[in-house]
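# Overview (structure and organization)
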Amino acid sequence: MKLLLFFALLVMSFTSLVQASKLVVAHFIVGNTYPYTIENWKEDIKDAHSAGIDGFALNIGGDAWQVERVSDAYEAASSVSPDFKLFLSFDMTVMPANPDYIEGIVRRFARKPNQLWWDNKVFVSTFSGESDFFGHSDVSTGWNLAVKQPLESAGYPIFFAPSWTSLGGGALQQSVTDGFVSWNTWPTTSADMNANDDYYYKQLANSLGKIYIAPISPWFYTHLSYKNWAYKSDWLYVDRLQQMLDVQPDMIEVLTWNDFGESHYIGKIQGALPSGSESYVEGFDHTAWRLMLAPYIAAFKDGARKPYINFESLFYWYRPSSKYSVPTQDGIGYPSGGDYDQDKIYAVVYLLQPAEVTMSCGKNSQTFNAEAGVHRFSINMAPGSSPSFSVSRQGKEMASQTGPKIEETIKEYNFNAHTGYLFF
């Protein structure tokens, strides 16, 4: 009964605002869906919709099978909810700059019932593509003459909002763009992520009559032979969620729903994992990060500066070992940037009334007194011990849970995160 009530409250936190103009979408890597069926798509869409997410940005590469998976996504969405929107995000890092191919895919899905339209135009995005000129002198001329104008002439006008992050504000100043998706959501140094770029892009976009799509992400860690690094992610998610309420961009894009190779997924682990990522992804469920979203999404759509808390829960996350642990069989090496993360256990609590929150790990234990609202707490990890979490009110324990053990001896580096949640 508690579980049913919990999810009902999640839905209630945003359903009254589904008609709001501002949207929150999640970036979805179609390249990880080779074995997907329509039922897999339905599961993801239902999970996303129940968390308050309005749609998926479908990151599509050049494989023919990916187009068929996209077709399945549109079919699944049409049977789940007419409110759940989809749009194409062409991954120009892995697909050829072939305008005929791009146009053909846009035209195939433009009239589907769940296609996102913006300003009476088909919403189209990219990942990268700022170096693709299509044989012309500059990026605006290239995308305009090769893609945008031909589609408009054929009766498929597009609202073009690419992720040309290397251009920064210059992406918005290109005549071909109607908006801009930033990919700048992870700190690349030991400093925490701030919202300076978000404020700048928002102001610039709106001054030009365009829109700014801001990114949020809970984590970043990749440990593959061709890319091996971590970005400081301790409080990143909570910081970015609040920054979105402060900045109020035109749209939010969650990075990502299912990029397992970079550990910032919030959807269930299914499909085809990138080769080599299995060791640091399997067993690391990130459902908690998805369930944290609804109060912030509801507030964002209403223009509020604080999340709308209408259910009580505790969310926690931590790495499976100390950053100082030395592996016995790792052939890739220490991830660049790994030193920036702290050896701590993190928790965020949503409260309707005051409560006591206790976090323990080995000899490290602390009880925090918290008023109604959103609060964050952390303690030092103790390798060899299993973290535990409990919430009490007026001396009565309402919920408790013990997470997976923090390992002392490891075979390989793993800076992914265990996550979990309590509801009460």
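Residues numbered from 1 in each chain as written. Predicted model: local features only at pLDDT ≥ 70, side-chain atom pairs only at ≥ 80, totals over all residues. Heavy atoms only, no water.

In the annotation of an unreviewed UniProt entry, the chain is listed under the name Glucan endo-1,3-alpha-glucosidase Agn1 and assigned to Schizosaccharomyces octosporus.

Secondary structure assignment for the chain yields 10 helices and 19 strands. Computed over the C-alpha atoms, the radius of gyration of the chain is 22 Å, within 12% of the 22 Å expected from 2.2 N^0.38 for a compact globule of 424 residues. Based on the C-alpha atoms only, the size of the chain along its principal axes is roughly 70 × 50 × 40 Å. Each of the 424 residues in the chain was classed as buried or not, and the buried ones make up 60%. Considering only contacts within the chain whose residues lie at least 6 apart along the sequence, 73% involve residues at least 24 apart. With an accessible surface of roughly 16,400 Å², the chain has 49% of that area assigned to carbon and sulfur atoms. If the 31 positive side-chain charges of the chain are averaged to one point and the 44 negative ones to another, these points end up 5 Å apart. (Helix = DSSP H or I, 4+ residues; strand = E, 2+ residues; numbered from the N terminus. Rg over C-alpha atoms; globule rule 2.2 N^0.38 Å. Buried < 20%, exposed > 50% of the residue type's maximum accessible area, 1.4 Å probe, protein only. Contact = heavy atoms within 4.5 Å. Areas by Shrake-Rupley, 256 points an atom, 1.4 Å probe, with all protein chains shown as cover. Lys, Arg positive; Asp, Glu negative; His and termini not counted. Charge placed at Lys NZ, Arg CZ, Asp CG, Glu CD.)

Describing two packed helices takes the angle between their axes plus the distance from one axis to the other. Between helix α2 (residues 38–50) and helix α3 (residues 64–80), whose axes approach to 8 Å, the crossing angle comes to 55 degrees. The angle between α2 and α3 falls in the class oblique. Viewed along their axes, α2 and α3 form a crossing whose handedness is right-handed. Side by side, α2 and α3 meet where Ile-38, Trp-41, Lys-42, Ile-45 and Lys-46 of the first sit next to Arg-69, Asp-72, Ala-73, Glu-75, Ala-76, Ala-77, Ser-79 and Val-80 of the second. Split by residue class, the contact of α2 with α3 holds seven nonpolar, one polar and five charged. (Axes fitted to C-alpha atoms, helices over the stretch in contact; angles between N-to-C directions. Parallel < 35°, antiparallel > 145°, perpendicular 65-115°, else oblique. Left-handed = near helix turned anticlockwise from the far one by under 90°. Nonpolar A, V, L, I, M, F, W, Y, C, P; charged D, E, K, R; others polar.)

This brings us to the pairing of strand β3 (residues 85–91). Among the seven residues of β3, six are classified as buried, and the element is accordingly described as predominantly covered. Where strand β2 (residues 55–60) lies against β3, six bridges are found, and the strand directions are parallel. Considered in β3, the bridge of Gly-55 is made with Lys-85. Of the strand pairs in this sheet, β3 and strand β5 (residues 121–127) are connected by four bridges, and their pairing is parallel. (Pairing = 2+ DSSP bridges.)

Attention shifts here to the sheet that holds strand β18 (residues 396–402). What the four strands build is an open sheet, ordered β15-β14-β17-β18; its pairing is antiparallel. Here the strands that pair on one side only, and so sit at the sheet edges, are β15 (364–370) and β18. Pairwise comparison of adjacent strand axes, ignoring direction, gives a mean angle of 15 degrees for this sheet. Sheet topology places strand β14 (residues 355–361) next to β15; seven bridges connect them, and they run antiparallel. When the sheet's bridge partners are listed, Ala-355 is paired in β15 with Ala-370.

Here the focus is helix α6 (residues 196–207). For α6, built from 12 residues, the straight-helix expectation of 16 Å at 1.5 Å per residue is met to within 8% by its first-to-last C-alpha distance of 17 Å. Within α6 the residues assigned to the buried category are Asp-198, Tyr-201, Lys-202, Leu-204 and Ala-205. Buried residues belonging to α6 abut β7 (179–181), β8 (211–216) and α7 (236–247). Positive backbone phi, at 75 degrees, marks Gly-209, one or two positions downstream of α6. (Expected span 1.5 Å × (residues − 1).)

Moving on: the domain arrangement of the chain. Often the size quoted for an interface is simply the accessible area lost on bringing the parts together. Along its sequence, the chain is organised into domain 1 (23–302) and domain 2 (313–423). Listed by partner, the interface residues are 34 residues for domain 1 and 33 residues for domain 2. Of the roughly 2,800 Å² buried between domain 1 and domain 2, counting both surfaces, carbon and sulfur atoms make up 60%. Counting the surface domain 1 buries against domain 2, the share from its top three residues, Asp-234, Trp-235 and Phe-284, is 24%. Here domain 1 and domain 2 share one salt bridge between them. For Arg-376, the salt bridge identified is with Asp-239, shortest N-O distance 3.0 Å. Taken together, the connections running from domain 1 to domain 2 amount to 19 residue pairs in polar contact (both at pLDDT 80 or more). Of the residues in the side of domain 1 that touches domain 2, the class split is 18 nonpolar, 12 polar and four charged. (Domains from an automatic or database assignment. Buried area = accessible area lost by both parts, 1.4 Å probe. Salt bridge = Lys/Arg side-chain N within 4 Å of Asp/Glu carboxyl O. Polar contact = N/O pair within 3.5 Å; in protein donor to acceptor, adjacent residues only side chain to side chain.)

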